[in-house]
Amino acid sequence: MLPKGLLKENAGFLSLLVRIIDMLTIFVAGIAAYLFKFESYSLAPSYLTATLLGFVLTPLVFSFFNIYASIRGKGYFNHLINLLQAVAALSLLLAGCAFLTKSGEVYSRVWFSLWMGCSFGLVVLVRCGLLFVLHFMRKRGWNERRVVIVGAGVLGVRFAKTVQEAMWTGFKIVAFLDDNAANKPEKIGHVPVLQTPAALAEYLKKE
């Protein structure tokens, strides 16, 4: 069985790996667009230069849009919106480079449009695949984050419901802590309600 902190312990390596995958995805999208437009895998030098530029700029642009930040509690939809914004920004940056170097006429607009469209599609597919793997791992507790909610009132219960409806994020509620637990239900949504311990800091360290 894999350790629960597997992803956390290797966060640096995984972050680098995701960046490399994104870079390769953009590069492959450029080749795919070229194949569709010109029916050739062998990119002309100018097109290869543009594709390599996109390859290099990808992690910089994506980082600006927080693509590599944790998506715990963020949601798939918001993450995909950020991806769309990042690819759009990358396309504007590449177009700006072509304008400044007066090389825009060298490139096919159809190819560039296909490249950016294909880039977004492939990035989304790859990201969905990665998120599915994370979802699979987190459901089995391989990257679980244990959560204790202080207060079993309306806000605490509402927060717990929100978290439980998005279990793919890796959060697991282990208990409610309440100063008046004796007057609360023993469990709320299968989560035990406990009296707030005097040594709260020590209790949280154990959790």
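Our subject is the structure that appears above.
Computed from a predicted structure; not experimentally measured. (Residues numbered from 1 in each chain as written. Predicted model: local features only at pLDDT ≥ 70, side-chain atom pairs only at ≥ 80, totals over all residues. Heavy atoms only, no water.)

*Asks:* For this particular structure, what's the right way to read unusual backbone geometry?
*Replies:* Leave glycine aside and you will find that most residues have negative phi; peptide bonds, for their part, are mostly trans. Backbone geometry places E39, a non-glycine residue, at a positive phi of 55°. Mapped onto the elements of the fold, E39 is located in the loop between α2 (11–38) and α3 (45–64). Of note in this structure, N66 is not a glycine but carries a positive phi near 60°. Tracing the sequence through the fold places N66 in the loop between α3 and α4 (76–100). By relative accessible area, which is 47% here, N66 ends up partly exposed. (Helix = DSSP H or I, 4+ residues; strand = E, 2+ residues; numbered from the N terminus. Buried < 20%, exposed > 50% of the residue type's maximum accessible area, 1.4 Å probe, protein only.)

*Asks:* Sorry if this is basic, but what is going on with the packing of aromatic side chains here?
*Replies:* For the structure shown, the criterion picks out eleven aromatic pairs. Seen from their ring centres, Y47 and Y107 are 5.3 Å apart, and the 80° between their planes marks the pair as edge-to-face. You can see Y47 sitting in helix α3 and its partner Y107 sitting in the loop between α4 and α5 (109–139), a full 60 residues away along the chain. Neither residue differs from the other here; Y47 and Y107 are each classed as buried. Taken together through their ring pairs, the aromatic side chains of Y34, F38, Y47, Y107, W111, F112 and W115 make up a single cluster. (Phe/Tyr/Trp six-rings, centres within 6.5 Å; stacked < 30°, edge-to-face > 60°.)

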